[in-house]
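Residue-level structure breakdown
Each chain is listed here by its residues.
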Amino acid sequence: MFEEYYREPEPAKRKEILYAYRPEDFDAEKLEQMKKLFNVRYSVDSKGVWTDRFVRSFLELRMIADNMESYFASKRNKKMGAAAVHQLCLDRQEEFSEDVLYRELCHLTAFYISTCGSDKSYNSVIWGMGKRSDAKVRGKIAYDMQQVGEAIPKYLDMEEECRLLTKAIQVMSEKMLQ
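Described in the following lines is the structure provided in the data block.

So, how was this worked out
Along each chain, the written sequence defines residue order, and numbers are assigned to residues from 1. Given that this is a predicted model, residues contribute local features only at a pLDDT of at least 70 and side-chain atom pairs are listed and counted only at 80 or more, while totals for whole chains, interfaces and linings are drawn from all residues. Think of the side-chain values as coming from all heavy atoms in the structure, minus any hydrogens and water. The numbering of helices and of strands both runs from the N terminus, where a helix is a DSSP run of H or I of at least 4 residues and a strand a run of E of at least 2. Our radius of gyration looks at C-alpha atoms and nothing else; its globule reference is 2.2 Å times the residue count to the power 0.38. Note on geometry: axes are lines fitted to C-alpha atoms, helical ones only across the stretch in contact, with angles between N-to-C directions running from 0 to 180 degrees. Working definition: roughly parallel below 35 degrees, roughly antiparallel above 145 degrees, roughly perpendicular at 65 to 115 degrees, and oblique for all remaining angles. Any two residues having at least one pair of non-hydrogen atoms within 4.5 Å are treated as being in contact. Classes in brief: Ala, Val, Leu, Ile, Met, Phe, Trp, Tyr, Cys and Pro nonpolar; Asp, Glu, Lys and Arg charged; the others, Gly included, polar. Expected span of a helix, by definition, is 1.5 Å for each gap between consecutive residues, and there is one gap fewer than residues. By the criterion applied in these results, polar contacts are pairs of N or O atoms within 3.5 Å in which, for protein atoms, one can donate a hydrogen and the other can accept it, and in which residues neighboring in sequence qualify only through two side-chain atoms.

1. Some thoughts on the overall build of the chain
Regarding its fold elements, the chain presents nine helices and four strands. Counting from the amino terminus, helix and strand elements in the chain follow one another as α-α-α-β-β-α-α-α-α-β-β-α-α. A compact globule built from 178 residues would reach a C-alpha radius of gyration of about 16 Å, and the chain, at 17 Å, matches this within 12%. Here the C-alpha coordinates of the chain stretch approximately 55 × 35 × 35 Å along the principal axes.

Here it is, written out as structure tokens:
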């Protein structure tokens, strides 16, 4: 159920698929939560450009991971991390069923892994002059996933709030990086 929606990476197509579902054919409450979560995750500007707030928050968590050792950045990191956790709806789990939020986080994680795996900048070394091997790229992505899924929740002291994100990262990493 809803598999086509969760396989689609493009926000405009995802919206089209989501709004084509009829409440009488599916669990109406779950469908309503999915629509609400879609609107939290994505926005579109006047030029028709989509913004994925979940990816932005995920990248912010990844940037915090790079600065966890900095004594002077600790306060800023924790504030930025709490905002990212809020944007990912991880501290608002009472608004969404665990299944709806978990599947959206799996989609986010799969999107991040596939994007990094195909991005020339992410896969290059020494200012784009060389390319990392597939094994090294998978290792780099796995390291990113470990940092966001395990190190950041501990650093922010938000393991319980980040439980679904950690689970989604573990499952999708095993599925896509092995």
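2. Some thoughts on the packing of helix α4 (residues 53–66) against helix α8 (residues 134–156)
At a closest axis distance of 9 Å, the pairing of α4 and α8 adopts a crossing angle of 75 degrees. Taken as axis vectors, α4 and α8 run roughly perpendicular relative to one another. Along the contact surface, α4 presents F58, L61, R62, I64 and A65, while α8 presents Y143, D144, M145, Q147, V148, I152, Y155 and L156. Across the contact of α4 with α8, the residue classes break down as ten nonpolar, one polar and two charged.

3. A short note on α4
When the terminal C-alpha atoms of α4 are compared, their 20 Å separation across 14 residues agrees well with the 20 Å that a helix rising 1.5 Å per residue should span. Lining the buried residues of α4 we find α3 (28–41), β2 (50–52), α5 (74–87), α6 (98–118), α8 and α9 (163–177). Between the side-chain oxygen of the N-cap and the backbone nitrogen of F54 there are 3.0 Å, and the N-cap of α4 in question is D52.

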